[in-house]
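Here is what each chain is made of, one letter per residue.
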Amino acid sequence: MIAVFCYAPMYGVLMAFQNYSPSKGITGSSWVGLKWFRTFFNMPRFWQIVKNTLTISLYSLIAGFPIPVILALMINSVRNTRFQKVTQTITYMPHFISVVILVGMLTTFLSPRSGFLSHILTFFGASEEAFYMGDAKAFPHLYVWSGIWQDMGWSSIIYLAALAGVDQSLHEAAKVDGATKLQRIWHVDLPAIVPTMVILLIMSVGSVMSVGYEKVFLMQNNLNITASEVISTYVYKIGLQQQQYSYSAAIGLFNNGINFILLVVVNQVSKKLSGSSLW
């Protein structure tokens, strides 16, 4: 199955080096070398699109990576089992909200006239006419923090699983030595999940250039396009809407190539510094 669905489609990357024609197919289309890569690099909006992609990705990584860890440590430190289960359920339920519904919620809640979040912001001094979904400066914040709210509970599950394997005798020994709860979290729980954190961080960095287009595309409009146009949405528009298959394949190959290089570099750095790595 992996060979059929993951490796076999890689044959299609040849389109990035061709002037692909659906009627001629990959074998019959003419070769153009690096033409489409040069077209992308010389495009006037190239740096803006790359900047938007990196801004959203790095913002999501920096702001979103620690929060599930903190949430897992907080839940694990509570001794009331019932409260733990209720908190877990409440925090990971937003993960099951579809992207379409989430964007619809943002649009409704931030409506200048009827949105309750807009009214709260107005109470604290924001403009009554502010349209946050059309504000290019607000776009990265809305995208990142809505994603954190949606996924922090789900992402914390793997850390809770790692914390479940911590030897409780270590906590008992720390109590005997007079360690506070915060000290036990810092010196017992946190070191136990560091290998898991490192692996997930490596995987996150390996996809730093791959901002999912669904949510960005749904939140995108003509007012925030300067901040919301990322590589994935541009590939969608070029490849499917304008049917420039070779051009979109070249952009996708460039994007995946950068991700692969970052993955290898971060993996090697992690291997030397912490001893944990993917391979």
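Our structure's up above, just so we're on the same page.
All values derive from a computational prediction rather than experimental measurement. Per chain, the residues get numbers from 1 upward, laid out in the order the sequence is written. Predicted model: local features are reported for residues with pLDDT of at least 70 only, side-chain atom pairs are reported and counted for 80 or more only, and whole-chain, interface and lining totals are derived from all residues. Side-chain numbers come from the whole structure's heavy atoms, not from hydrogens or water.

Caption draft 1: Spatial organisation of a nonpolar patch on the surface. Patch membership is restricted to residues that have no salt bridge and whose relative accessible area is over 30%. Joining uses 9 Å for like charges and 5 Å for the nonpolar side chains Val, Leu, Ile, Met, Phe, Trp and Tyr. Method for areas: the Shrake-Rupley scheme with a 1.4 Å probe, in which residue coverage is limited to the protein chains shown. Think of a salt bridge as a Lys or Arg side-chain nitrogen and an Asp or Glu carboxyl oxygen that are within 4 Å of each other. A cluster of nonpolar residues, F260, I261, V265, V269 and L273, forms a patch on the protein surface that exposes about 530 Å² of accessible area. Helix and strand labels come from DSSP, where a helix needs a run of H or I of at least four residues and a strand needs a run of E of at least two; each type is numbered from the N terminus. Mapped onto the elements of the fold, V265 is located in helix α15 (residues 245-273). Think of it in three bands: residues with accessible area under 20% of the maximum for their type are buried, residues over 50% are exposed, and the middle band is partly exposed, with areas taken using a 1.4 Å probe on protein chains only. Among the residues examined, V265 registers a relative accessible area of 47% and is labelled partly exposed.

Caption draft 2: Inspection of the pattern of salt bridges at higher detail. Across all of its chains, the model carries 2 salt bridges by this definition. For E229, the salt bridge is made with R45, and the minimal N-O distance between the two is 3.3 Å. In this pair, E229 is assigned in the loop between α13 (225-228) and α14 (231-241) and R45 in the loop between α3 (35-41) and α4 (46-64), connecting sequence segments 184 residues apart. One salt bridge in this structure joins K237 and E229, with 3.1 Å as the shortest N-O distance. Take K237: its relative accessible area is 17%, and that puts it in the buried class.

Caption draft 3: The arrangement of the packing of helix α5 (residues 66-77) against helix α9 (residues 139-164) in detail. To obtain each axis, a line is fitted to C-alpha atoms, and for helices this fit is confined to the stretch in contact; angles are then taken between N-to-C directions over 0 to 180 degrees. Orientation of α5 relative to α9, taken along the N-to-C sense of each, is 55 degrees, at an axis distance of 7 Å. By the angle between their axes, α5 is oblique relative to α9. As for how α5 packs across α9, the hand of that crossing is right-handed. Across from I67, P68, V69, L71, A72, L73, I75 and N76 in α5, the residues of α9 making contact are W145, I148, M152, G153, S155, S156, Y159, L160 and L163. Classification used: nonpolar for Ala, Val, Leu, Ile, Met, Phe, Trp, Tyr, Cys and Pro, charged for Asp, Glu, Lys and Arg, polar for all others including Gly. For the contact of α5 with α9, the per-class residue count stands at 13 nonpolar, 4 polar and no charged. Working definition: roughly parallel below 35 degrees, roughly antiparallel above 145 degrees, roughly perpendicular at 65 to 115 degrees, and oblique for all remaining angles. Crossing handedness is defined as follows: a turn of the near helix away from the far one that is anticlockwise and smaller than a right angle gives a left-handed crossing, while the clockwise case is right-handed. Whether two residues are in contact is decided by their heavy atoms, any of which lying within 4.5 Å being enough.

Caption draft 4: Focus on the environment of A179. Within the secondary structure layout, A179 lies in the loop between α10 (168-176) and α11 (181-205). Leaving out residues up to four positions away in the same chain, A179 has contacts with A174 and R184.

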